[in-house]
Amino acid sequence: GLVLVDVMMPGMDGWTLLQRIKNENLCDGRIFCMLTAIDDPSDGPMENIKELVTDYIRKPFDPDEFIACVEDLLCLCG
């Protein structure tokens, strides 16, 4: 399936969440996309999990473009 994760969340950032998902071996068969208002989200603090992120959707985003992007990512899921 597709997992959408915001880079900046209260209590835990998206990078930490992805690290926990990876540590629990919950990555197989999943595509991860991060929502972000950060200019260059690939500069995240977790070098060893960047390969998990298939795409970034930058905020603010147009709802129609968001839906189109999610549909494209879902096609990669199977």
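Here is what the cut-offs are and how they apply
- Residues numbered from 1 in each chain as written.
- Predicted model: local features only at pLDDT ≥ 70, side-chain atom pairs only at ≥ 80, totals over all residues.
- Heavy atoms only, no water.
- Core = buried A, V, L, I, M, F, W, Y, C linked by side-chain atoms within 4.5 Å.
- Buried < 20%, exposed > 50% of the residue type's maximum accessible area, 1.4 Å probe, protein only.
- Helix = DSSP H or I, 4+ residues; strand = E, 2+ residues; numbered from the N terminus.
- Contact = heavy atoms within 4.5 Å.
- Arc of directions from axis to C-beta.
- Polar contact = N/O pair within 3.5 Å; in protein donor to acceptor, adjacent residues only side chain to side chain.
- Pairing = 2+ DSSP bridges.
- Axes fitted to C-alpha atoms, helices over the stretch in contact; angles between N-to-C directions.
- Disulfide = S-S within 2.5 Å.

Trainee: Residues and numbers for the nonpolar core, please.
Mentor: Listed in full, the twelve residues of the largest apolar core are Val-5, Val-7, Trp-15, Leu-18, Ile-21, Cys-27, Phe-32, Met-34, Ile-49, Leu-52, Val-53 and Tyr-56. Listing elements by their share of this core, those giving two or more residues are α1 (14-23), β2 (31-36) and β3 (53-58). A per-element tally of this core places α1 first, with three residues. Not counting chain neighbours up to four residues away, the residues in contact with Leu-52 comprise Leu-18, Lys-22, Cys-27 and Phe-32. In terms of nonpolar packing, the next biggest core, distinct from the first, is built from eight residues, Cys-33, Ile-57, Cys-69 and Leu-73 among them.

Trainee: Residues and numbers for α1, please.
Mentor: A turn of α-helix holds 3.6 residues, and therefore any two residues three or four places apart point the same way. Of all the residues in α1, the buried ones are Gly-14, Trp-15, Leu-18, Gln-19 and Ile-21. Seen from one end, α1 has its buried residues packed into an arc of 160 degrees, which puts them on one side. On its buried side, α1 packs onto β1 (2-6), β2 and β3. Where α1 begins, the side chain of Asp-13 points an oxygen toward the backbone nitrogen of Trp-15, at a separation of 3.0 Å.

Trainee: Lay out the sheet that holds β3 in plain terms, naming residues and giving numbers.
Mentor: Taking strand neighbours across the sheet as the criterion, the three strands line up as β1-β2-β3 in an open arrangement whose pairing is parallel. Every interior strand has two partners, whereas the edge strands, β1 and β3, have only one. When the angles between neighbouring strand axes are averaged without regard to direction, this sheet yields 25 degrees. Examined bridge by bridge, β1 and β2 share five bridges and lie parallel to one another. By the bridge assignment for β2, Val-3 is matched with Phe-32. The sheet contacts of α1 involve β1, β2 and β3, and relative to β2 the element is tilted by about 165 degrees.

Trainee: Just give me the short version of the state of the cysteines, but keep the residues and values in it.
Mentor: By definition, a disulfide is the covalent link that joins the sulfur atoms of two cysteine residues. Here the structure, examined in full by the defined rule, presents zero disulfides. Unpaired in terms of disulfides, Cys-69 finds its nearest cysteine sulfur in Cys-33, a separation of 5.1 Å. Assessed through its relative accessible area of 16%, Cys-69 is described here as buried.

Trainee: Just give me the short version of the environment of Met-9, but keep the residues and values in it.
Mentor: As for its placement among the helices and strands, Met-9 is situated in the loop between β1 and α1. Sequence-distant contacts of Met-9, that is, excluding residues within four places in its chain, are made with Gly-14 and Leu-17.

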